[in-house]
Each structure stands twice: as structure tokens, then as C-alpha cells.
There are 12 protein chains.
Amino acid sequence: MTDSIRVLVLHGPNLNLLGTREPEIYGSQTLQEINDLLAASAKEEGVELEFFQSNHEGAVVDRVQEAPSWADGILINPAALTHTSVALRDALAATQLPVVEVHLSNVFAREDFRTHSYITPIAVGMVTGFGPTSYLLGLEALIETLQSRK
Amino acid sequence: MTDSIRVLVLHGPNLNLLGTREPEIYGSQTLQEINDLLAASAKEEGVELEFFQSNHEGAVVDRVQEAPSWADGILINPAALTHTSVALRDALAATQLPVVEVHLSNVFAREDFRTHSYITPIAVGMVTGFGPTSYLLGLEALIETLQSRK
Amino acid sequence: MTDSIRVLVLHGPNLNLLGTREPEIYGSQTLQEINDLLAASAKEEGVELEFFQSNHEGAVVDRVQEAPSWADGILINPAALTHTSVALRDALAATQLPVVEVHLSNVFAREDFRTHSYITPIAVGMVTGFGPTSYLLGLEALIETLQSRK
Amino acid sequence: MTDSIRVLVLHGPNLNLLGTREPEIYGSQTLQEINDLLAASAKEEGVELEFFQSNHEGAVVDRVQEAPSWADGILINPAALTHTSVALRDALAATQLPVVEVHLSNVFAREDFRTHSYITPIAVGMVTGFGPTSYLLGLEALIETLQSRK
Amino acid sequence: MTDSIRVLVLHGPNLNLLGTREPEIYGSQTLQEINDLLAASAKEEGVELEFFQSNHEGAVVDRVQEAPSWADGILINPAALTHTSVALRDALAATQLPVVEVHLSNVFAREDFRTHSYITPIAVGMVTGFGPTSYLLGLEALIETLQSRK
Amino acid sequence: MTDSIRVLVLHGPNLNLLGTREPEIYGSQTLQEINDLLAASAKEEGVELEFFQSNHEGAVVDRVQEAPSWADGILINPAALTHTSVALRDALAATQLPVVEVHLSNVFAREDFRTHSYITPIAVGMVTGFGPTSYLLGLEALIETLQSRK
Amino acid sequence: MTDSIRVLVLHGPNLNLLGTREPEIYGSQTLQEINDLLAASAKEEGVELEFFQSNHEGAVVDRVQEAPSWADGILINPAALTHTSVALRDALAATQLPVVEVHLSNVFAREDFRTHSYITPIAVGMVTGFGPTSYLLGLEALIETLQSRK
Amino acid sequence: MTDSIRVLVLHGPNLNLLGTREPEIYGSQTLQEINDLLAASAKEEGVELEFFQSNHEGAVVDRVQEAPSWADGILINPAALTHTSVALRDALAATQLPVVEVHLSNVFAREDFRTHSYITPIAVGMVTGFGPTSYLLGLEALIETLQSRK
Amino acid sequence: MTDSIRVLVLHGPNLNLLGTREPEIYGSQTLQEINDLLAASAKEEGVELEFFQSNHEGAVVDRVQEAPSWADGILINPAALTHTSVALRDALAATQLPVVEVHLSNVFAREDFRTHSYITPIAVGMVTGFGPTSYLLGLEALIETLQSRK
Amino acid sequence: MTDSIRVLVLHGPNLNLLGTREPEIYGSQTLQEINDLLAASAKEEGVELEFFQSNHEGAVVDRVQEAPSWADGILINPAALTHTSVALRDALAATQLPVVEVHLSNVFAREDFRTHSYITPIAVGMVTGFGPTSYLLGLEALIETLQSRK
Amino acid sequence: MTDSIRVLVLHGPNLNLLGTREPEIYGSQTLQEINDLLAASAKEEGVELEFFQSNHEGAVVDRVQEAPSWADGILINPAALTHTSVALRDALAATQLPVVEVHLSNVFAREDFRTHSYITPIAVGMVTGFGPTSYLLGLEALIETLQSRK
Amino acid sequence: MTDSIRVLVLHGPNLNLLGTREPEIYGSQTLQEINDLLAASAKEEGVELEFFQSNHEGAVVDRVQEAPSWADGILINPAALTHTSVALRDALAATQLPVVEVHLSNVFAREDFRTHSYITPIAVGMVTGFGPTSYLLGLEALIETLQSRK
């Protein structure tokens, strides 16, 4: 139906590798499996999802710019772009959509440079450290945010 | 049943004021209402909860120290102690229980001193910015963590 | 009469020692004597005072939380908590009462760590360096603030 | 005529959104309208312009590398790349063409991270804060620089 | 009488504008009105005052240097010089007179650079945030300091 | 006519030396020649100018304070005061007139201390690096700002 | 006899857990066993000891304040309070008794924040890294200090 | 033969310009000539090479991700990405292949920002400052590393 | 004779107070006595001196600007301006005369802010810590510099 | 007997001066007297000692390198080398012997640069502030460490 | 023959220990074996080598000073002196010979203080992380540098 | 005669190279020539000198320690040790003799690390930037200091 909630799910650089390498850090689930989990969860809630992954900052920015024509909110794991991309921050802010940021690992328990995020200050909130569950919780948070704003 | 999961829910300083003052920042729900939400959610999952709030760092530390005799994990909104309490960090680490940290507001969109947490590096993960929903998501994350470790 | 101004006077850690030790730094007046001076000054102005001192951050926070039910404003010498307590800052801000911060010694002429205050940014103003007179001036300032807001 | 001055006009990430979103910050003119203004101004001066916008750092770098085969100078609003792109700085420096940097908003009146530019030290100069007029002034400055070097 | 207390009241740059511009920040009282308040208060205490305002650091320094031939103490709102003038600090210290520093606004609730003062470490104490009342309290503090030193 | 735009042009310390010394850095034009260029440009636009140069921070502040009685905007090259004068910042902000800051050289390609400006955050915008052209562009920007605010 | 040396032994937050958890870090001896070791050692030297442990900063401060009425010196392992408590520093300094600081682990081989101590600058000295032996050595050092001052 | 060593040679942004511009800094050899040198050297050692250059961070990351299916090690001059790309660091680390980092110029004798590398901490080692020879030495080092691991 | 060396001797803020206040820090000689010492020393060397002291940065800058029409070199004790005046640095550099900087006290043994000088990097050299002798040595150094440049 | 514990006692630069100069800081005991105290204490414990002092970093490093052929542990007062010698740190670490660091004065109550030690992170522990007693306690700690490792 | 290239090979503190201790960090080859490898490599190239190792900064500086009378270039592993010796930097720079710096381990993957080198900015280049191969590559680089300068 | 003033002249690392290399930086005079100049100057004043140069920090420290048995004061150019040697600082301070520090070049116009001196805070004063004249002026200053203390 036309007024179901629609969420764009964005995955930053290197997340396409999930499950195939370094499972001890990032878990053994592939990105496709995470997307499937999200899709299942969204379906229950009557929410539509679109997925996009890229290793190109520019491609992620392009995709973010298109979001307002379809999406009601953005769920994003900016990965490495978290710490380096002002362009992504600006693009997300420009959408004026609610943004929820998620991370698989606990970024505060790793290298110092991972504790700074350009994205969090312009997001609704952030979930970090729970593996694929971070995505599922982030999606819940975003849906709740969108429902409460209606 | 005796082997249901048991979670200690801790609320740091000033959280007893929730709902009664500054609702524009912290929302209009009282701490009791948040606890009720958590209890309802836990019940569905067959999880037992205990609640504790204090404005006294020492009391929170005392309570954390007792946790291992009963709890399987700790859900904590350390509030102001997030930024100032090494004692709380040490107590939580000493329990060797999984800890999930939550915040009502997006601490990364406020004063600079709120972006540093003594707790996150020793937690499983963290949820920030979603109001009472942060607690609910944190509880889900903790339950999942506990179930996956069994 | 019921609509006289009411002020809560708070003294942070170690201020109970005043007059009995290190008089060359903190002066020879006891905390009781300072309270008496304040009471005398308040009486002249038709202002009611309550006093509270504690070495426990949590107890000070508890007392601050109760303030709005009785007090119109808070006069506080946070002492060591000035530099370390986000919980006190948050509690004071939550009262939405005018807060005046005072210090006996000139904190800017001592160790570097004493030049940072968590409290001043959320206070109306601050008085530092004049011994017990700092309290009396702080009380005047607070009364004036309260009168001008009426 | 063949020896008219030729200027490459570059727009960094998110500038394609101009006029359509956040007009209170970036004004209501579209990028096309700004390009038209520049074109009109250039025509008066007998200057040829080419325009390029991209959200991809790599694409901007590619375009900069091609510049020397046609352009005499570069007018650039690096947008978010201002603060993050060493690659753009190196590409611009490698052209050995005069570069003029412009910004629509006053970057020094915004977040701290916007006060650092990788580009300005290797530019002739910079114009910031005047909306679309920043571009027009930057173009004037570049033309004057090019004419004075002849 | 010859042994009444004599205080030099100094106002730094831009304080001559008081009351005429930006009343929402600095209040609606003019500098003359503040001086009159101070004069009235001083008269009650049998204290003599002289006033001086300048936008010239050098003129303020000159005036400070002359102070010891007449004044027993200095009440100063250094305004912008607070944060930038070593010359003023050195001049004040050289007088060996007690100095009290006052500010109309709460400098700790404004820009970061306003939290550093070259003056406070060599002053007896400081009062900040109470509008014209800051001056009156500062005068009281100075008189008390002078009386206690006799 | 009485409603032509009126602009105060201010030159900070050492700018009176222009053209006579260090032409390789600051160019060979004298300050008088720059003023003449500005006057010619202003005349075309029907704008009135007044000029003022001083090596005295206090004199510049005095002149800024008088500006609102005559001028509609201020064009300023604060020179060395850019990096050191809070008094000038405060005076400019107090006028509540639009301020445009200009620099002859590219201050971001020189010593580190020249990259910080007390003025830019309270200005409309800034132009740096184009020699006397910086002034002309700054004047254009100011006129445009004033016209758009009418 | 009345003029034997008397020492107050203070243990900060979480030290009550010693021996029962994380023995690989803090050793397998309980706090009671450490106290017994200290008592045995003190007895040999004819020194009286009192012991106090608390997870409450305020309670530790209270206990420190009472010290001068009985004790000649203080042996303290401030644990987490080392890094966060100005109140404890001020209380210890106010006693004017010699203070010896000890740590079980080598705090300089752990997290960065553990390398800063508010206590050491006002202590006679410090012993770190030798497990329960740190306490025994600290006691010896304190006794020697007290004997040499007699 | 199938078990000869295979090395992916990656060149970051702007390295396609080598030899054609700024030869006084980067030398007069083109990237093709450097590749030819490497190829000749590799041939002698019975090593196979593939080459890739891009100005697009995303394209370099994509290429790195494909590396494990063919290559045994990576020789990379990250150029500007050295200082800005967490995505490249993460991609290289994810390959779990040995990585050798090289630079033509001595990055420690240039601007301060060039002394920080996101890549070196996850590389086997680094060679800087020897022009095209840096690549040849880096290749030798990588081959030796690969041979010693067999 | 007309080609004797001519030196301008400049004294910054508060140096007019020498000898009359704080002799324990700055010595008991007055500025006039120091000037007399310099004059006597200069006379022996056949060097002409002019003296200037001001508490006004602007006046010192004015005087520096006039220097080249008469002086061959500048001997300056910038006093407080050492640490705060970019205008003085720029004026001194613009004269293109050799400048020697002197300080009475050892500025490196005082407050931290006195260890930074805007002047030294553009001076020939500096003498600090020897009281009036610093001036005499500075004069010798300047004369020697001027003679060696002839 | 051959399996008694053997300890190398090292004294860094300037410790040969002990007792002869600045007794108010370093005490009146000579280094020989401290060595005698250590020897007496060691004898009681059946421990053999060798002593070495040098003002030469290289000589101390040489001596450390020889240690493993004879010694079971190292007791060292690195003195000035504490803050400056990576070579000493590396040499001590290379011995793989337990190292105990001692200081006569309380280095945390002196200049800031004395609060950083290159040695402590690779030592078992450290004793600071107790004069010659620091050495005796350090020796006890080292003996205990060695005995517990047997 | 007399015009073969001559290289001085310098090894800093603790490198004499190579192979005998901590082989897991520094490898199992002794310094003599590394020297033999270098000698063999040099012989092939017709290059003469001299070797010198010392734990004494002063001895290394002495040896560097003698270098120009014999050597054409210097290959140095400054070891701990890398991070602490300005004297070595100055001595190397004074020789005006080309210097190549090498490190066995990857200094950028260890403690923070090892990422700063006083030597690299005055060297031709640097090789780090390849064990003894670092020396061989450094020698090649130096020979190539010397040959290209002929 | 026995009560003439005696001065130890110390030269730090690399100063033995003076005049023979890099004359454009350090001048063309050899250290012997500087010593001869000092000796001539000292002779006139009836002052005895001894000279010592070493590239070994330890040797300089040894020599400083012996100074009090003969010398009344120390003239030192610590060269590279200025920035790195706490041992030299401690040795100089321990002599309790007046120390004058000199530098040939203007250390404040060179690399940043040369602007910090461990020596100046414990010296009487410092002379920098005048080539060999720095030594002569430093000697004068030291003689004057010694004479004024008699």
C-alpha cells in the first residue's frame, strides 16, 4: 500500500565482504543474509526496504541524494566513511530524513580513530557492537521514529 | 523457570526525574513507565528483570558488584556517570557479565564532554538517541547476546 | 509570609572542615559561621534559607532534585565537584531554577584543573576569590536575579 | 577567438542539490542558475567556461587532471572535499594552473571541522560566505589573476 | 576625609556602548547609569570612586599606572582585553593594589575563547554573569578586601 | 542622494605602508591607490565611501563604534588585528551592520597563526589572496548584501 | 601504649572484590588477607592500624576527614578514585597527615587514563605494581616517614 | 607455472600523471616506465604482476577486494589516500595478504599531514623517498616476505 | 658624522615603571638610567641612539614605521607585546632593518604564556634574563650586526 | 651459594652527587651510603648485589645488556634518563629480567616533564618519593617478585 | 679501486643484541650475520662498507662526524636514537652525505612514540618493517642514490 | 691571582665542526677561533676560562659535575642537548653556579622542536642568534652576574 513506511538501507565500503572474510571480527553472516533478516523483519512491520552497498563514497552520496523521492528514512552502516566523509554527512543532512547509524563491531573498543563519527551528530541515534543485530535494532528504532513523527 | 535469563537494569543519576521535568529533552515518560515497558518486553521473552536507580555512584557500584550472584547480564544507562566514573567501569568489568549501554538522547549531538564514555569500551555495545526505545533495543541486544553465548 | 524568596544553600565536599584546618587558605570562619552570616543577611532581605552540606556527590544531587518543591533558587559552592561532577550539573539544570556558583578561594590562581567548571555554563553567574564574602555576594546576586524575574 | 581566457568551473559533492533543498542555508538558486550567472558574466568578459559537478572525489580529480589541456584557470567550490581530500589538493597543484576556491556559506561560522581546508594553501585565494555571489567574485578574481599573468 | 577608601573603576573596550545596543545581551542600562549606581553605593560606604573607560588598551594601561598615586584598589571590567592583554595584566600587577575583575555576562556560557582570562590569576577575585549587579558586588568585595587589610 | 548605500572602509595596522615597502608580498599599489580604486568602483554603483586607517586597535574600535550613525556596512582589512583583537570583533558585532573581511595576501598560505581570525565568524563573508582586487570584490559583496537586505 | 604510631588504611572502590574475581589481574588474595598481612607487619613494628573500604567516594572522604583525630598517617589505595576524585585529594590534603598511595597493578602499563593521578602530587610518595606487596611496602614507607618526622 | 608468486601493483590518485608534470618533485619517469621496470624486475624473479591505477578511492577498494582470488601480495603506493582513506585500510586488512607500502617522495620531509598514514600500521613495511626505486625495493621486500612465508 | 650607525631603542608597555615598582623583579634602575647606560655605551662606539617608550601598541607600531627614514637598526624590549602583537611583528618585518629583541627577566622561567614570542622569529636574535645588561648586550649585538653588513 | 638471588643495582645520571649537594631535595645520604644500606638489607635476605652508576646513557645501556649473564633482576633509579631514554627502555626490555624502578623524590610533585617515564610501562612496578627508602622498598619488591617466580 | 662507492653502515643502541634475544621481534639473525649479508651484497656491486655499532649516542655522533673523510653515503638504523637524538640528526645533516634510514620492525605498528623520527626529514628516504631485508634494500637505495648523483 | 673569576665554557655536540662545514648556517669561524676570541675577551677582564667540547651527553654532564671545584660560573652552548637532555639540566642545576646559555643561530627561526629548551628555565639568561658574538655577549653577561653577586 502507498502509505507503508519505506526505508533505504545503505552499506558502506567493504561490507560486501561480510561473512566471507575475517568472520572472527565481523561474524559469519553475509551481507545478503543480513539484508534477508532485515527484509523479514520489515515485512512483519509492513515496511518496505531498498538496499544499496558501495565501496565508492560518491556512489553512496548519489544514492542518498535520491532517497527523498522514495524513502521515509535511512538506515546506514557507513563503515569506513563514518570517520572520513563530510560529503556523506552533508548528503544525509540534506535529505532531511531521519537517519539511523549502525555498526557491527563496537567501534569504541577498537582504534582511536574509529571513535569519531561525522555522521552521528546529524543522525537520530546510533547502535554499535551487536553484529547483524545492530542492523535489526537500528531498523526498529527508525521505524519507531517514523511512526512517532506521523 | 530457573534457567530463564536474568537481567539487571541500572539507571544512573537524575534518571529518576524522567517525565517530570524537561520533557522536551528527555521525553514525557517516567522512569516507572520505562521500567514497565521493559518488564512487558522481558516477559514476552521469558526474561526476568530487576531495576535499580541511584544518584550515588557508590550505590550503583555496590549494586553492580552484587549482580553476578543473580544476573546474567546488565543493561545500563549510566547517565552522567558515563563521562566521569572509572569506578563504575571497573565494577562492570569485574562482573565479567555482558553489559549493554544505552542513552535516551543522542549524546554525540550535545556538549563535547558527552562524547567520551568510560563505559563503552568494556561494554558489548551501545544504543544512543532513541528515547525509551534505546532501553528496549538495548534489552533485545542483551538478550540476543546472552542467548548466543549459551 | 508565603511568598518570600526561598533559597537553598549547598556546600560541596570538605566545606564542613572550614575554619578548623588550613585557615591560611580557606580562612578562619567555620561553615556554621558562614551559614549564620548568610542567615543574617537573608533575614534582612526577608529571604528564607535552607542549608545542606555533604561530601557525597549523590547526596548533593538528591538534595538538588528536591529543591524545586521548596526553593526559588540555589546558591552553591560545589567545591571539588565543580571540576568533576556531570551529575551535579545535570541535576542543577533539571531544576530549571536560577543557580549561583561561589568559591572561597580564587580558583583561577591555583592548579590548572581548578580552572574548569562543569557548573558555570549552566549557572546565572559565579563569584570567586573573596572568602566568606563570596557567599554573601552570591546570595545578593541570586536574590536580585529572583526579584528581577518576578 | 582562440586566445580568450578559458576557465573550468568545478562543483564538489552535494552542490547539485542547490535550490531544491535547505534554501535557508544554501539559498534558493539552483546550480544551473548559478552556472547561468557565471556564463553571463564570463561572456561579458570574453571568457569561456566549462562546468563540472560530481559527488565523486575521483571524478573531480579526473576532471582536474584534464584541465591543463584546455583551461587557463580553475574556479572550484570543493564543498565537503575542502576538508577531506588530499587527492584533490594534489591534482589541483599538479595542474600548475591558478585555482580560486569559493564557498556559498561562511565556513568559519559553522562547525569547527569546516574551518580547515586542504585546498586554500595551494590556491591563489578564497571567497567565502556570499552565496552565489561568491562564485561571481571568484570568477572575477580568477580572470584578473589570469590577465595580470599574461 | 583623607582616609576614606578610594577605588578606581575601569571599563574596557566597547563598554561605552552599554544600553544603546544589543540590550538583550548586555542589558538596557547605560555605562553612566552603572557608574551612578556604583557612585551611590560607594557614597553609602564612604568610598570615593573615579571612573575611566577606553577602547584603547594603551590608555587603560596608562590609567592603571597612575592608580597607585590616588587609589587603594581597582575595580575592572576588562571586557575584550580580558582575553588578549598581557600589558594590562602586567600593569595591574605592578600597581600592587588589590584588583577585582567583573563581567556583565557569564563569560563561561559564551565562546570558548572567553573562558580564558589573563587578569583573574593576578586579581583578588572575579564576579561574572549578573549584569550591572556584577559591578556592585565587585565593589563590595573590593571594599571588604581593603577594609580587612587595614 | 540620501538613500544611496554608505560603506565605511577600514584598514588595520601597517596597511598605510602599502606600495612603499615589500612590494613582492603586498604589491606595488599604495593604500591611496587602493582607496581610489574603491572610490571609482563605488561611484559607478552610486555608493558612498569613507576611509579610515590606523595602527591603533583602539582607534579602529572607536571608528567602528561611530559607524552606525552613518554607514550601512563595513568593509575591513583587519590586518594583524584579525588574529589578536577581540575588541574589534566585539565592536563590529555591536554595530549590527553587515561586515565583509578582506585580505591582500592568502593568509592560509603563510604562518599558522594567520589561519585563525576572530573576525570571520561574525562577518558575512571573507575574501583573501587577490591583492587590491580582494578589496574590490569585498566591496561588491558588501553592496550586494546590502541591496539584497533592502 | 599511647604513643605508638597509628595508621589508617583506606581501600577505594571495587577493592572489596579482591581475590574473588579476576585473580589473573589482581591476584588471588582477598582484601581481608591483605589486611591481615598488613596487621601482622604493623604488629611487628608496634604500629596500630584501622581499615576502611568503600565504593562511595563520599564515604571515603568522610573517613579521611575523621582521620586526624586518631591517625598519624594514611595508607591509601584510591583505586578508581585516583583518576577522578578532586574531593578525595582535597580531603587528604586537608588532614595535613602524611599520605602514601599504593596500587596493586602497574597503572602505567594499562589504559592511558590510569596514568594520571589526582592524589600523587599531594602524597609523600607512591608504590605501584607489586600486588599485595605494594601495600606492605607502602606501610613501611609511611612508618619510616612518620618515624623520621618525630 | 601456476605456483609462481603473483603480485598486484596498485597506484593511488594522481600517479597517472607521473613524468608529465612536476618532474622536479616526482621525477621524469612515467607510470608506464615504472610499471615496465617492475615488470622486468619481476620477470627475473619469476613473479607475475598486475597493475592498477585509479583516482577513485572506491575503484582502488574494489580492486583490492578482488586481489585474494589471484594475488599473493599487494604492492601499493596509496598516494593521497595514505592520509585519508580508512576504506582502503580496511580493504587491505580484509585481504589478509601481505601489503607493502611505497612512496616516491620522502613524505616525512613535506607537509605535516603527510606524516600520518592509515596504511602503514596494517602493512608489512614501508619504503619512502627513493623515487621509482621505492617501488623496486618494495617489490623485492614483498617477494622476500612471500618466499619466507611459504 | 653622517655615516655613524643609528639605532632606535624601543621600550614596550609598563617599562616606564622601571625602578619605581617591583624592584625585586625588574631591578632598581629606572628606564632613564638604562637609557643613559645605553647612550654612554653608544657614544663610545660612535653610535647615535633615539629612545621611545609607550604603553600603546599603536604608538610603538607608528614609531617602528618611521624608523627606516633615520635608523639603521632597532633594539626593542617589546615587553607584554612580545606575546600578543602581530601588528608589531609585521611593522618590524616591514622595516627590513635588523632587529634585536631583549628582555630584562628570564621569560622562560616565568608563566608559560611568556615563552612564546611573535617577535623572535623575525629578529636577528634575542637576549633574555640579564636585567639592564640585556639591553647593553643587545646593543652590542646590533652594532656588530650592522657593522658586519656594511 | 650459587642459587642465591642476584640483583644489579643501577643509578642514572647525577646520582653520584647524592649527599654532597642540594641535600634539602635529595637528602644528606651519599650514594655509597645508600649502596651500603642496600647491601646490608640484601645480606639479610641472602641476596647478592652489584652496583653501577653512570652519567652516560650508553654506559648504562652497556651495563644493562650484560645483566642477564649474572643477574636475576634489575633495580634501577634511571634519574634523568627516565624521561628521555628509549635506548634504556629497549635495553631493559631486552633483558627479559624483572625490573623495578625507583625515585628518591616524588616525581609527580615536580615539573610536568618528570611525570612521564619511558621505563615504568616495561617495569614490574615503581616506587617514588621516599628518599633512600625508595631503594630499599624497591629491592624488597624485586626480591619478592623473583621469589614468587621461582 | 679508489673510486668505488664507500658506505658507512651504522647501527644504534641495542642492535648488538640481535639474534640472541627476543628473536620473535627482531628475528634470529645476529648483527654479524646482517653485516655479512650487507658485505656480500656490496661486494657484488663493487661497493666498500665499514660497520659501526654503539649504544652511546656520542660515539655514534663521533663516527658520523668522521664519515665525510672516507664515506660517500651513510646507511643507518638509528634504533632508539631515532626518536630522541637531535645530536645525531645534526651530525648527519652536517656531513652533507646522503643518508638512508632503516628499521628492522615496522615502527608504525608499535608504540606511538616510535612513529616520530628526528632522522627521516634529513634523510633521502627510509625503509621499515622487513627485518634484515630492510638493510639490504636501504643499501641498494643508497647505492642507487649515489650512482645517480655522480 | 686567586680571586679572579673563573668560567667554564662548554660546547655541546657537533660544535667541534664549526667553520669546517655548513659555514652558511654556522659561520666560518672554527671552535678554536671562538675559544680564542673568548680567551682574549676574558683576559681583558681578568677572567680565567677553561674550555670543553664533547658529543657525549655523559661527558658534558661529568664535566659539569666537576665545575664547582674550580669554576664560578658556566657559559654553555648546549647545542642539540638543549632540546633533549634532562641529565644536563639536572647537572647544571646541581652545581648551583650561575649558568648562561648561548646559541649561534636564532633557534626560534628554525624547526619547532628547537624552540623548547630544558636549560633556559634553570639558567640566569640566554643569548641566541648572533653567531660567535652570542658567546662573547654570554661571557659578558656571566661576568657581570658574578661580579654583581660578590
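Calculation rules
Residues numbered from 1 in each chain as written. Chains lettered and ligands numbered in written order. Predicted model: local features only at pLDDT ≥ 70, side-chain atom pairs only at ≥ 80, totals over all residues. Heavy atoms only, no water. Helix = DSSP H or I, 4+ residues; strand = E, 2+ residues; numbered from the N terminus. Buried < 20%, exposed > 50% of the residue type's maximum accessible area, 1.4 Å probe, protein only. Polar contact = N/O pair within 3.5 Å; in protein donor to acceptor, adjacent residues only side chain to side chain. Contact = heavy atoms within 4.5 Å. Salt bridge = Lys/Arg side-chain N within 4 Å of Asp/Glu carboxyl O. Nonpolar A, V, L, I, M, F, W, Y, C, P; charged D, E, K, R; others polar. Buried area = accessible area lost by both parts, 1.4 Å probe. Least-squares fit on C-alpha atoms with pLDDT ≥ 70 in both. Expected span 1.5 Å × (residues − 1). Arc of directions from axis to C-beta.

(A) The side chain of N55 of chain D, seen in detail. Positionally, N55 of chain D belongs in the loop between β2 (48–53) and α3 (57–66). Relative accessible area serves as the criterion here: at 3%, N55 of chain D is assigned to the buried category. A distance of 3.3 Å separates polar atoms of two side chains, one belonging to N55 of chain D and the other to Q65 of chain A. A polar contact of 3.2 Å, which involves the side chain of N55 of chain D, links it to the side chain of Q53 of chain D. Those residues within four positions of N55 of chain D in sequence are excluded, and the remaining contacts are E57, G58, V61, D62 and Q65 of chain A together with P13, N14 and N16 of chain D.

(B) Examining the interface of chain B and chain C more closely. Facing the 17 residues of chain B at the interface are 18 residues of chain C. Between the two partners, chain B and chain C, sit 2 salt bridges. Of the charged contacts, one joins R89 of chain C and E111 of chain B as a salt bridge, the two residues approaching to 3.1 Å between their closest N and O atoms. Along the contact surface separating chain B from chain C lie 9 residue pairs in polar contact (both at pLDDT 80 or more). Among the elements that line the side of chain B that touches chain C, the one with the most residues is helix α4 (residues 81–84) of chain B, at 3 residues. For the side of chain B that touches chain C, the per-class residue count stands at 5 nonpolar, 6 polar and 6 charged.

(C) Expanded view of the arrangement of the chains. Chain B shows no contact with chain F. Their nearest C-alpha atoms sit 20 Å apart. Kept free of each other, chain D and chain G leave a smallest C-alpha distance of 26 Å between them.

(D) View of the interface of chain A and chain B. If you look at the interface, chain A gives 20 residues, while chain B gives 20 residues. Around 1600 Å² of area is buried between chain A and chain B when both sides are counted, 62% of it from carbon and sulfur atoms. Our count for the chain A to chain B interface comes out at 0 salt bridges. Linking chain A to chain B there are 8 residue pairs in polar contact (both at pLDDT 80 or more). Residue contributions to the side of chain A that touches chain B peak at 6 residues, all from helix α6 (residues 132–149) of chain A.

(E) Structural detail: the relation of the copies chain A and chain B. You can overlay chain A on chain B at an RMSD of 0.0 Å; the transform is a turn of 180° with a shift of 0.0 Å along its axis. Here the transformation between the copies is reduced to the relation of a two-fold axis. Every residue of chain A has its C-alpha some distance from the rotation axis, and the shortest such distance is that of V127 of chain A, at 2.2 Å. Both copies share a contact surface, since 100% of the interface residues of chain A are interface residues in chain B too.

(F) Structural view of the relation of the copies chain B and chain C. Superposing chain B onto chain C requires a rotation of 120° together with a translation of 0.0 Å along the rotation axis, leaving an RMSD of 0.0 Å. Such values leave the two copies arranged in the relation of a three-fold axis. The C-alpha atom lying nearest the rotation axis in chain B is that of T84 of chain B; the distance is 4.0 Å. Little of the interface of chain B is mirrored in chain C, where only 12% of its interface residues again form contacts.

(G) Region of interest: helix α2 (residues 31–45) of chain J. Residue and element names in this part refer to chain J. The end-to-end C-alpha distance of α2, which contains 15 residues, comes to 21 Å, matching closely the 21 Å that a straight helix rising 1.5 Å per residue would cover. For α2, every residue scored as buried is listed here: L31, I34, N35, L38 and A42. Seen end-on, α2 carries its buried residues on one side only, within an arc spanning 95°. The exposed residues of α2 that point more than 90 degrees off its buried face are K43 and E44. Two residues or fewer after α2 comes G46, characterised by a positive phi angle close to 70°.

(H) Representation of the pattern of salt bridges within the structure. Taken as a whole and judged by the stated rule, the model has 60 salt bridges over all chains. Between D90 of chain G and R114 of chain C there is a salt bridge whose closest N-O contact spans 2.8 Å. Pair noted here: D90 of chain G is in helix α5 (residues 86–95) and R114 of chain C is in the loop between β4 (99–103) and β5 (125–128), and the two residues belong to different chains. Among the residues examined, D90 of chain G registers a relative accessible area of 14% and is labelled buried. Members of the salt-bridge network, linked through shared partners, are R89 and D90 of chain A together with E111 and R114 of chain D.

The analysis is restricted to geometry; functional conclusions fall outside its scope.
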